[in-house]
Amino acid sequence: MCICKSSKQTKKVLLIFPRTQGSQVFNDAGFPFPLLGLTQLAAAFPERYKFTLIDESVRPVSGAEDADLVCITTMTATANRAYELGDLYLQRGLTVIIGGAHATVLPDEAAQHATSVVIGEAENVISELVDDLEAGTLKPRYKASEYTSLSTLSPPRVDLLSWRHRLFLASLQTTRGCPNHCDFCSVPQVFGRRLRQKSIETIKRELQTAKKYRSRYMFVVDDNFTANRASARELMAVFKFYGMPWMGFSTLATAEDPLFLRELRDSGCISLFIGFESLLQPGAFVKNKKYADPAAVAGAVKTIHAAGIGIQGSFIFGFDHDTVAVFASVVQFIQENEIEVLNMNILTPFPGTKLYDRFEAEGRLIHHDWSQYDMNHVVFTPTGITAEELMQGYLWTIKYLASPTIILKRLSWRRPHYTYFLTANFAMHRAHTRMANSRWNKEVQTQIEAKGGCLI
Ligand code: SF4
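These figures come from a predicted structure and were not determined experimentally.

1. Some points on the packing of aromatic side chains
Item 1. Under the counting rule described, the total for this entry stands at 22 aromatic pairs.
Item 2. Consider the rings of F168 and Y420, whose centres lie 6.0 Å apart with planes at 15 degrees: the pair is stacked. Of this pair, F168 sits in the loop between α6 (163-166) and β7 (169-172) while Y420 sits in helix α16 (residues 418-438), and the two are 252 residues apart along the sequence.
Item 3. A relative accessible area of 25% places F168 in the partly exposed class.
Item 4. Ring centres of F317 and F327 lie 5.0 Å apart, and the angle between their planes is 50 degrees; this geometry places the pair in the tilted category. Taken together, the residues span a long stretch of sequence, with F317 in strand β13 (residues 310-317) and F327 in helix α12 (residues 325-336) at a distance of ten residues.
Item 5. For F317, a relative accessible area of 0% puts it in the buried group.

Have a look at this one:
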């Protein structure tokens, strides 16, 4: 009788998405965003490995979980919590791997709280890491020599998520990488500048899974889904076949192609996520000079609306040209142009970006408490406005826009998908109002009003 044991071992892996500590908004979502990084990571491990995934915005870890390996992902805003958890499990004698965007740009920092750090995309190093784990020879760092080829990637392990992640929204990534170089963004550094694409077959399998779990909508997380029209059209045909309403990132330039807009709508696109950033400020930082004029921006918005597609607008406050007048002018733009869903942010210099390096060189970083690098705290000294005015102007803006009367004025019931947009707005109403009230400073609000800001 053979008594040899297979050298292949089954391991229990605990995957953790840490809770953001500085932000209430992130943690308040009734239906949290369906995580892609950790589910995609799980798909890269051997099938014999067993996983438990904890998203701390759904439930906190107990610290007593049984695992052979703990994998913790980091964004800058979650880094402190990730380190706290890393220390906790290390003290228990468990093996801890920390990866993700923040660990990629600051691996020395992450290494103090982990057995090993994964720098960059993890998929290409998992097989080496598994071999080392099973041999008891883990290295302190793992870094792939090249970016992951998405064409051979397995679909993410969506089955590891909770029903709350899957019920409202499914998330889909069809590409990684971004050829642009916005100085406040770390995507090109983490994922590279070359666009890499998943295979259509894998995307079909992911859509079948989303249908199986009866997810109502699909969010395409690609940084600019419409950048390559030919591949977007190929994917849109697949989306149309599966009949799943979807939304994704785009730019105002999409408005220049009415035929493409109609194709987007016919494929089930209900809204485009567009970064307006500071386009509304004359002479401001603009990626496309064509849209330096607010009237041109409003015209493009009108064209997208006319095609039956809504807009999720992202706005950032705190650029060097911003004064206290910026808050009211952005609010006015949003209301007049009936932007359906809003993503309001404070400029945040994330480590690994050119903006961070510039602010550090200029001595403008106020602190390095990563938990407040969450786009709703001020962590740097602005120029045209004080830090407290930026904070209070931002709070005024989100509170004003979250008011039920203002939401109802903004949303036109005649537009397609009115119920979806109404639900999305009221889902954020409580979190935004609560955050504004908890940090409201009447004295600074009065001071901004006296300077002519925050008035409509
Ligand atoms: S902000 Fe968007 S377009 Fe700019 S570099 Fe980042 S991902 Fe690319």
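Having seen the model, we can carry on.
2. A few points about the sheet that holds β13
Item 1. Overall, parallel pairing links the six strands, which are arranged β7-β10-β11-β12-β13-β14 in an open sheet. With partners counted over all chains shown, the strands left at the sheet margins are β7 and β14 (341-346), one partner each. Across the sheet, the mean angle separating the axes of adjacent strands is 20 degrees when strand polarity is ignored.
Item 2. Sheet topology places strand β11 (residues 246-250) next to strand β12 (residues 269-277); five bridges connect them, and they run parallel. Each residue of the ladder has a partner; that of F249, found in β12, is F273.
Item 3. Together, β12, β13 and β14 form the strand contacts of α12, whose direction differs from that of β13 by roughly 175 degrees.

3. Some thoughts on unusual backbone geometry
Item 1. The backbone phi angle of R214 is positive, close to 55 degrees, even though this residue is not glycine.
Item 2. Relative to the helices and strands, R214 is located in the loop between α8 (200-212) and β10 (217-220).
Item 3. The exposure class assigned to R214 is exposed, which follows from its relative accessible area of 68%.
Item 4. Phi is positive for M375, close to 70 degrees, though the residue is something other than glycine.
Item 5. For M375, the position within the fold is in the loop between α13 (354-361) and α14 (387-401).
Item 6. Among the residues examined, M375 registers a relative accessible area of 22% and is labelled partly exposed.

4. A closer look at the pairing of β11
Item 1. Of all the five residues making up β11, four are buried; the element is thus mostly covered by neighbouring parts of the structure.
Item 2. Of the pairings in the sheet, the one linking β10 to β11 comprises three bridges and is parallel in character. Across the sheet, the residue bridging to V220 is G248, located in β11.
Item 3. Note on the crossover from β10 through helix α9 (residues 229-242) to β11: the handedness is right-handed.

5. Section: the site of the ligand
Item 1. Near the ligand, the surroundings consist of C178, N180, C182, C185, V187, P188 and D223.
Item 2. Counted by class, the shell around the ligand contains five nonpolar, one polar and one charged residues.

6. Some thoughts on the confidence of the model for the protein chain
Item 1. Mean pLDDT for the protein chain: 91, with 93% of residues reaching 70 or above.
Item 2. When the criterion is pLDDT under 50, residues 1-6 qualifies, and its contacts beyond four places in sequence or with other chains add up to zero contacts.
Item 3. Confidence estimates for the predicted assembly give a pTM of 0.92 and an ipTM of 0.99.

7. Remarks on the packing of α14 against α16
Item 1. Taken N-terminus to C-terminus, the directions of α14 and α16 make an angle of 145 degrees; their axes are 8 Å apart at the nearest point. The hand of the α14/α16 crossing is left-handed. From α14, Y394, L395, I398 and K399 reach across to α16, where they touch H432, M435, A436 and N437.
Item 2. The residue inventory of the contact of α14 with α16, partitioned by class, reads five nonpolar, two polar and one charged.

8. A short note on helix α1 (residues 37-44)
For an α-helix, the turn length of 3.6 residues means that residues three or four places apart are oriented alike.
Item 1. Burial analysis of α1 places six of its eight residues in the buried class, the great majority of the element.
Item 2. Residues of α1 that are buried: L38, T39, Q40, L41, A42 and A43.
Item 3. Close packing links the buried residues of α1 with β1 (12-17), β2 (50-55), β3 (69-74), α5 (126-135) and β8 (175-176).

9. Things to note about the sheet that holds strand β5 (residues 116-119)
Item 1. If you walk across this open sheet you meet the six strands as β2-β1-β3-β4-β5-β6, and the pairing is parallel. Both outer strands of the open sheet, β2 and β6 (141-143), are each paired with one neighbouring strand and no more. Direction aside, neighbouring strands of the sheet carry axes that sit 20 degrees apart on average.
Item 2. Bridge count for β1 against β2 is six bridges, and the pairing is parallel. Its bridge partner being in β2, I16 is matched across the sheet by I54.

10. Observations regarding the nonpolar core
Item 1. Grouped together as the largest cluster of nonpolar side chains are 93 residues, with contacts concentrated most on F239, F276 and M344.
Item 2. Of the residues forming this core, the biggest block, seven residues, is contributed by α14.
Item 3. Apart from the residues within four sequence positions on either side, F276 is in contact with L252, V297, V301, I311, G313, S314, F315, F333 and I339.
Item 4. Judged by nonpolar contacts, the second largest core, of 25 residues, contains V13, L38, Y49 and F51.

Procedures and definitions
- Residues numbered from 1 in each chain as written.
- Predicted model: local features only at pLDDT ≥ 70, side-chain atom pairs only at ≥ 80, totals over all residues.
- Heavy atoms only, no water.
- Phe/Tyr/Trp six-rings, centres within 6.5 Å; stacked < 30°, edge-to-face > 60°.
- Helix = DSSP H or I, 4+ residues; strand = E, 2+ residues; numbered from the N terminus.
- Buried < 20%, exposed > 50% of the residue type's maximum accessible area, 1.4 Å probe, protein only.
- Pairing = 2+ DSSP bridges.
- Axes fitted to C-alpha atoms, helices over the stretch in contact; angles between N-to-C directions.
- Contact = heavy atoms within 4.5 Å.
- Right-handed = clockwise from strand over helix to strand, strands pointing away.
- Near = heavy atom within 4 Å.
- Nonpolar A, V, L, I, M, F, W, Y, C, P; charged D, E, K, R; others polar.
- pLDDT = per-residue confidence, 0-100.
- Left-handed = near helix turned anticlockwise from the far one by under 90°.
- Core = buried A, V, L, I, M, F, W, Y, C linked by side-chain atoms within 4.5 Å.

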